[in-house]
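Letter by letter, the chains look like this.
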Amino acid sequence: MTAAAAPAPAGSPGGGRGLQRLLDGLVHAKGGPPGVIVVLRGDGRTVVLRAGHGALEEERPPRIDDHMRIASVAKAFSGAVALRLVSRGRLGLDDTLAKRLPDLPAQWGRVTLRQLLQHTSGLPDFSRAPAFGQILRQDPHHRFASRRLLHFVADQPLAFAPGTRYAYSNSDNIAVALMAEAVTHQRYEKLLDELVYDPLELDATSLPGGFTLPAPYLHGYLVTPSGPQDVSTQFGNSGVWASGGVVSTPRDLSVFIGAYAGGRLVSPAVRRQQLSFVDGGSQPPGPGRNEAGLGIFRYTTRCGVVYGHTGNTAGYTQLALATADGRRSMTFSVNAQITPGGNAALFDRMRAIEEDFTCALLHGDS
């Protein structure tokens with residue numbers, strides 16, 4: 001039996017009321033987000049807990065079918081596309097940029113798909129390029145040529161020899177999507193439809209190129225001393241594309257992460273490769289100890305191990321995770337950007353709450 005919003009779970013930590021108090025406390029904390037919604041799935045049911053507002057002007061709570069920017073959780077979607085193609089023999093994990101994308105700088109040529117998916121490629125991050133930032137400051141709605149984003153750093157060498165260390169880079173997933181396009185001769189957006197959305201019936205998930213969001217949507221805010229400012233549509237998606245441009249809903253995202261983290265989208269052989277980890281955290285860090293696999297992170301919490309991805313962008317902070325079998329999943333969506341560098345105390349509080357909810361998920365209290 002699956003319910004769109006079952007009663008809150010009873011049990012650790014502190015039962016349903018305890019979990020709800022944690023969310024209430026987060027939105028009422030100094031600098032706290034206007035709203036938060038958590039979706040827990042398991043044992044044939046869906047539990048939704050929420051606090052605060054999904055849209056301040058409407059004074060309504062966050063809803064499970066609100067569209068929202070999932071930020072870098074979009075990297076799990078590019079991981080799903082690439083690993084499905086590997087499972088079908090269209091791509092190889094050791095395929096290089098020189099082989100699949102020969103027009104990219106020759107000095108990057110040794111980088112492999114495996115290294116891109118694990119953030120051990122050494123590719124310079126296009127989103128940190130001064131020219132890219134200047135364009136965004138001048139026109140936040142600028143329509144970038146998404147398939148040319150790597151050109152912002154084409155004059156830069158690799159930061160380190162491929163495979164020798166971990167460094168999170170938004171460039172990695174742009175290159176992953178370009179490799180997928182190169183071997184299929186299809187647009188990445190079409191590959192998302194065929195390989196991810198359609199098989200999982202994700203009817204409310206998309207990769208738009210503009211700056212607007214489908215209605216209804218979870219409004220994202222910049223929290224300032226003078227009050228929250230709505231930044232939901234401040235930036236467009238074309239400047240992040242496969243590294244962070246996917247728009248989804250709490251309902252769709254919870255379905256996706258259960259299937260993806262549970263290995264349903266890839267072959268057993270590819271799954272074993274995916275779950276080969278190095279030390280390295282997602283951005284922002286997820287609960288517990290973080291380690292990087294291929295397009296996925298392992299979070300070792302005090303209550304056990306889960307797999308997933310995090311993300312943050314203007315107005316949104318996201319966590320999506322699931323158990324290794326995919327039978328239990330959780331999405332934790334906040335409509336403000338909370339980072340360790342922005343408000344460390346609030347971020348630490350949120351991360352601790354995420355771990356409490358992960359424990360509830362693993363204990364079967366959801």
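Residues numbered from 1 in each chain as written. Predicted model: local features only at pLDDT ≥ 70, side-chain atom pairs only at ≥ 80, totals over all residues. Heavy atoms only, no water.

Participant: What is the right way to look at the packing of helix α2 (residues 74-87) against helix α6 (residues 170-184) in this model?
Facilitator: Packed helices, taken two at a time, are described by their axes: the angle between them and the distance between them. For the pair α2 and α6, interaxial distance at closest approach is 10 Å and the crossing angle is 35°. Along this stretch, α2 crosses α6, giving a crossing that reads as left-handed. From α2, Lys75, Ser78, Val81, Ala82 and Leu85 reach across to α6, where they touch Asn170, Asn173, Val176, Ala180, Val183 and Thr184. Broken down by class, the residue content of the contact of α2 with α6 amounts to six nonpolar, four polar and one charged. (Axes fitted to C-alpha atoms, helices over the stretch in contact; angles between N-to-C directions. Helix = DSSP H or I, 4+ residues; strand = E, 2+ residues; numbered from the N terminus. Left-handed = near helix turned anticlockwise from the far one by under 90°. Contact = heavy atoms within 4.5 Å. Nonpolar A, V, L, I, M, F, W, Y, C, P; charged D, E, K, R; others polar.)

Participant: Which parts of the structure should I look at to understand the nonpolar core?
Facilitator: Across soluble globular proteins, nonpolar side chains have a tendency to be buried as a group. Grouped together as the largest cluster of nonpolar side chains are 71 residues, with contacts concentrated most on Phe77, Leu97, Val196 and Phe256. Elements with a contribution of two residues or more to this core: α2, α4 (113-118), α6, α7 (188-200), α8 (250-261) and β11 (316-322). Beyond its immediate chain neighbours, meaning those up to four positions away, leucine 97 contacts Pro102, Leu104, Trp108, Gly109, Val111, Leu116, Leu123, Ala175 and Met179. Membership of the second largest hydrophobic core comes to 30 residues, among which are Leu26, Val38, Tyr166 and Phe297. (Core = buried A, V, L, I, M, F, W, Y, C linked by side-chain atoms within 4.5 Å. Buried < 20%, exposed > 50% of the residue type's maximum accessible area, 1.4 Å probe, protein only.)

Participant: For this particular structure, what's the right way to read the state of the cysteines?
Facilitator: Each disulfide consists of one covalent bond between the sulfur atoms belonging to two cysteines. Summed over all chains, the structure comprises one disulfide. The partner cysteine of cysteine 303 in its disulfide is cysteine 359, sulfur to sulfur 1.9 Å. Around the S-S axis, the bridge from cysteine 303 to cysteine 359 shows a dihedral of about 95° and counts as right-handed. Of the two residues, cysteine 303 sits in the loop between β9 (297-301) and β10 (304-313) while cysteine 359 sits in helix α10 (residues 344-362), which places them 56 residues apart along the sequence. Residue class for cysteine 359 comes out buried when judged on its relative accessible area of 1%. (Disulfide = S-S within 2.5 Å.)

Participant: Sorry, what's going on with empty space enclosed by the protein here?
Facilitator: Over the atoms, a rolling probe the size of a water molecule traces out where space has been left empty. Within the structure shown, the criterion is met by one cavity of 30 Å³ or more. Of the pockets and cavities examined, the largest cavity occupies roughly 40 Å³. What lines the largest cavity is Lys75, Leu117, His119, Asn173, Gly293, Gly295, Ile296, Phe297 and His309. When grouped by side-chain class, the residues that make up the lining of the largest cavity number three nonpolar, five polar and one charged. (1 Å grid on protein atoms, 1.4 Å probe; cavity = no way out; pocket = protein on both sides within 12 Å on 5 of 7 lines; lining within 4 Å. Points joined across faces, edges and corners; volume = space filled by probe spheres on them.)

Everything listed here is a matter of coordinates, which is why it stays silent on function.
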